[in-house]
Amino acid sequence: MISSAPEQKKFSTTEWLILFVAALGFAFDTYELLMLPLIARPALAELLKVDPATASGNDLILAWTSYLMWASAISGGVFGLIGGWLSDRFGRRRVLIWSIFVYALSPCAAAFTSSAPMLLTLRCTTFIGVCVEFVAAVAWLAELFPNPRQREKVLGYTQAFASVGGLMVAGAYYFCVSHAQDLPAIHAAHSPWRYTLISGLVPAVPLMFLLPFLPESPAWKEKRAAGLLRRPSFGELFRPELRRTTLVTALLFACAYGAAFGAIQLTPQIVPGLVPGLSEIPKLRKQIEAATQTGQDTAELKSKIRQLGKQQEQIISGVQTWQEIGGLLGRCVLAVLATIIAGRRRLLRVFQVPGLVLVPLIFWFPATNNLALFKWGIFIAGFCTVAQFSFWGNYLPRVYPVHLRGTGESFAANVGGRMVGTSANFIAVQIALLLPGTIKTTNTAHAAAIVAGAVFAIGVAASFWLPEPKQAALPE
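Below or above, wherever it landed, is the structure these notes cover.

### Some points on the overall build of the protein chain
1) Next: The helix and strand inventory of the protein chain stands at 19 helices and zero strands.
2) Next: Dimensions of the protein chain along its principal axes, counting C-alpha atoms only, are 85 × 45 × 40 Å.
3) Next: Going through the 476 residues of the protein chain one by one, you find that 59% of them count as buried.
4) Next: By sequence separation, contacts in the protein chain at least 24 residues apart represent 84% of the contacts at least 6 residues apart.
5) Next: Accessible surface, the protein chain: about 18,800 Å² in total, of which carbon and sulfur atoms supply 67%.
6) Next: Distance between charge centres in the protein chain, computed from 39 positive and 25 negative side chains, equals 5 Å.

### Here we look at the layout of surface pockets
1) Next: Each pocket or cavity is described by its volume, and for the largest pocket that value is around 1,400 Å³.
2) Next: Pro52, Ile281, Arg285, Ile305 and Gly309 are the residues nearest the centre of the largest pocket, which is lined by 42 residues in total.
3) Next: At the level of secondary structure, the elements contributing two or more residues to the lining of the largest pocket comprise helix H2 (35-48), helix H3 (55-90), helix H6 (148-179), helix H7 (192-199), helix H12 (280-294), helix H13 (299-337) and helix H19 (440-463).
4) Next: Per-element accounting of the lining of the largest pocket gives the leading share, eight residues, to H13.
5) Next: Partitioned by chemical class, the residues of the lining of the largest pocket number 19 nonpolar, 14 polar and nine charged.
6) Next: Each pocket or cavity is described by its volume, and for the second largest pocket that value is around 530 Å³.
7) Next: If you go around the second largest pocket, you meet 25 residues; those closest to its centre are Leu242, Val399, Pro401, Lys470 and Pro475.
8) Next: Of the residues forming the lining of the second largest pocket, the biggest block, four residues, is contributed by helix H10 (residues 240-262).
9) Next: Across the lining of the second largest pocket, the residue classes tally to 13 nonpolar, three polar and nine charged.

### So, H7
1) Next: Taken across its eight residues, H7 has six buried, putting it largely inside the fold.
2) Next: Along H7, the residues that are buried comprise Trp193, Arg194, Tyr195, Thr196, Leu197 and Ser199.
3) Next: Against the buried residues of H7 lie helix H1 (13-33), H2, helix H4 (92-110), helix H5 (116-144) and H6.

### Focus: helix H16 (residues 371-395)
1) Next: With 25 residues, H16 should cover 36 Å at 1.5 Å per step; its first-to-last C-alpha distance of 36 Å lies within 8% of that length.
2) Next: Counting buried positions along H16 yields 19 of 25 residues, so the element is predominantly enclosed.
3) Next: N-capping of H16 is provided by Asn370, with a side-chain oxygen placed 3.3 Å from the backbone N of Ala372.

### Looking at the pattern of salt bridges
1) Next: Enumeration over the complete set of coordinates arrives at 10 salt bridges.
2) Next: Arg405 serves as the salt-bridge partner of Glu143, at 2.7 Å between the closest nitrogen and oxygen. Placement of the pair is Glu143 in helix H5 and Arg405 in helix H17 (residues 405-421), with a sequence separation of 262 residues. Take Glu143 and Arg405: they sit in the same class, and that class is buried.
3) Next: Of the charged contacts, one joins Glu236 and Arg239 as a salt bridge, the two residues approaching to 2.3 Å between their closest N and O atoms.
4) Next: Take Arg239: its relative accessible area is 23%, and that puts it in the partly exposed class.
5) Next: Overlapping salt bridges bring together Asp88, Arg92, Glu143 and Arg405 as one network.

### Section: the nonpolar core
1) Next: Core analysis: the largest hydrophobic core is formed by 127 residues, its most contacted members being Leu141, Phe253, Phe363, Phe374 and Trp392.
2) Next: Broken down by element, the residue count for this core peaks at 18 residues, all from H5.
3) Next: Other than its neighbours up to four places away in sequence, Phe253 contacts Phe134, Phe389, Trp392, Leu396, Ala412, Ala413, Gly416 and Gly417.

### Brief notes about the packing of aromatic side chains
1) Next: As enumerated under the stated definition, the model contains 21 aromatic pairs in all.
2) Next: The interplanar angle of 50 degrees and the centroid separation of 6.4 Å between the aromatic rings of Phe127 and Phe261 together place this pair among those described as tilted. Taken as a pair, Phe127 in helix H5 and Phe261 in helix H10 lie far apart in primary sequence, 134 residues in all. By the burial criterion, Phe127 is buried, and Phe261 matches it.
3) Next: Pairing Phe351 with Phe383 gives two aromatic rings, centres 5.6 Å apart and planes at 45 degrees, and the pair type is tilted. One end of the pair, Phe351, is in helix H14 (residues 344-364); the other, Phe383, is in helix H16, and 32 residues separate them in sequence.

### Topic: the side chain of Glu15
1) Next: Assignment of secondary structure puts Glu15 in helix H1.
2) Next: Relative accessible area serves as the criterion here: at 11%, Glu15 is assigned to the buried category.
3) Next: Among all residues touching Glu15, those that are not within four sequence positions of it are Lys9, Lys10, Leu144 and Phe145.

### A short note on empty space enclosed by the protein
1) Next: Using the criterion set out here, one finds four cavities of 30 Å³ or more in the structure.
2) Next: Looking at the largest cavity, its volume works out to about 350 Å³.
3) Next: Looking at the lining of the largest cavity, the elements with two or more residues in it are H1, H5, H6, H10, H13 and H16.
4) Next: Residues belonging to the lining of the largest cavity are distributed by class as follows: 13 nonpolar, five polar and four charged.
5) Next: In this model, the second largest cavity occupies a volume close to 80 Å³.
6) Next: In this structure, the second largest cavity is lined by Val21, Ala22, Gly25, Phe26, Leu96, Ile100, Glu133, Ala137, Trp140, Leu141, Leu207 and Leu211.

Criteria and thresholds
Residues numbered from 1 in each chain as written. Predicted model: local features only at pLDDT ≥ 70, side-chain atom pairs only at ≥ 80, totals over all residues. Heavy atoms only, no water. Helix = DSSP H or I, 4+ residues; strand = E, 2+ residues; numbered from the N terminus. Buried < 20%, exposed > 50% of the residue type's maximum accessible area, 1.4 Å probe, protein only. Contact = heavy atoms within 4.5 Å. Areas by Shrake-Rupley, 256 points an atom, 1.4 Å probe, with all protein chains shown as cover. Lys, Arg positive; Asp, Glu negative; His and termini not counted. Charge placed at Lys NZ, Arg CZ, Asp CG, Glu CD. 1 Å grid on protein atoms, 1.4 Å probe; cavity = no way out; pocket = protein on both sides within 12 Å on 5 of 7 lines; lining within 4 Å. Points joined across faces, edges and corners; volume = space filled by probe spheres on them. Nonpolar A, V, L, I, M, F, W, Y, C, P; charged D, E, K, R; others polar. Expected span 1.5 Å × (residues − 1). Polar contact = N/O pair within 3.5 Å; in protein donor to acceptor, adjacent residues only side chain to side chain. Salt bridge = Lys/Arg side-chain N within 4 Å of Asp/Glu carboxyl O. Core = buried A, V, L, I, M, F, W, Y, C linked by side-chain atoms within 4.5 Å. Phe/Tyr/Trp six-rings, centres within 6.5 Å; stacked < 30°, edge-to-face > 60°.

These figures capture arrangement, not role.
This is how it looks when you write it as structure tokens:
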């Protein structure tokens, strides 16, 4: 049975508060997730005690970064799938509160880790919280705003704040890199990556205080109170009328995550090859070794290495900012087009088709030799890739009934996106390690181009099988 569309009305004070909490929550999701590409290189260099400027050190860091991204995504996918079922069984708001609690404390604890395996463990718990929060939040918002046009705007614009979270974390990392020496020492050092992890606790505080006072989804609550809420089941997702929706949305979600993890999130590993002057670091380290053996003062050489390292991380943060601005614009454009373009397939291909052509070219050419052009390229890559995540937040609530909404969303986002799509990062790293050539950053960029081309091509082809929602109102 399909409900008729309720009348559009002005937002109440409570609804404005809900929008604020939702926007902050989506921003915080991305803030936590995009910490890892920024901090992985310096954190692993410190924890593994290797030099990222050497070929062996770079390969080890690249491999461990892949482990961190994929293992945390697999963990998040498994528990996120369970979290979607829990949100259907016990309510959206309750699951939201606990998921935010988990992913607020995990990064803060990770800031004090002393080993790479412990960092990996805490990144897994962070990802678990984020994966659970996303599906519960989308179902909660969709059901709180049942008017179709209003719902499209609410989901589109609140999800756009996810890219604001990317800008926030890039800015926070830049601040921590620039002012690390002025902050309290952790483990007798002033490592910017540790302060960046701690900063993730700040946006969580208002969320944890405000969410308990906000209403539960009325659609879910009314059905539960009337005894009409059916028990969610993973098997129901594969009944004949939902099977195609379940499989195609999972595949397309995997392609979106494949482009993100297999290409644009490798940017911090690529940028050091584009920064002039950083090639001096290995030479300076050799000079320090020679000077130490002869008893000469090495303070000036060490200071120069620190300055070059600081410059590198600031430039990486700057490039990340361009990517997030592109993603923010893409999300905003999608929010506008979602109320204009009726066909969901056509809406999705607005971002897929340009991505298929442009993103592989961006990583094959400017990513290997032109930092200024690569900034513009990563802006376009962010626009084409990140907007697709907002698309799914708008689409999925329209194709699953209340008792399966969280479960269906979690299957697409977590099994398709997090468990399958993120494997593109591991695949890209393996391709980079197999490619000929001595410049590791160039190999990484070319591997990203290959993976991006493949997942965008699969995504465009699969979009032709994406079912169109039967009507604008949410299924009951």
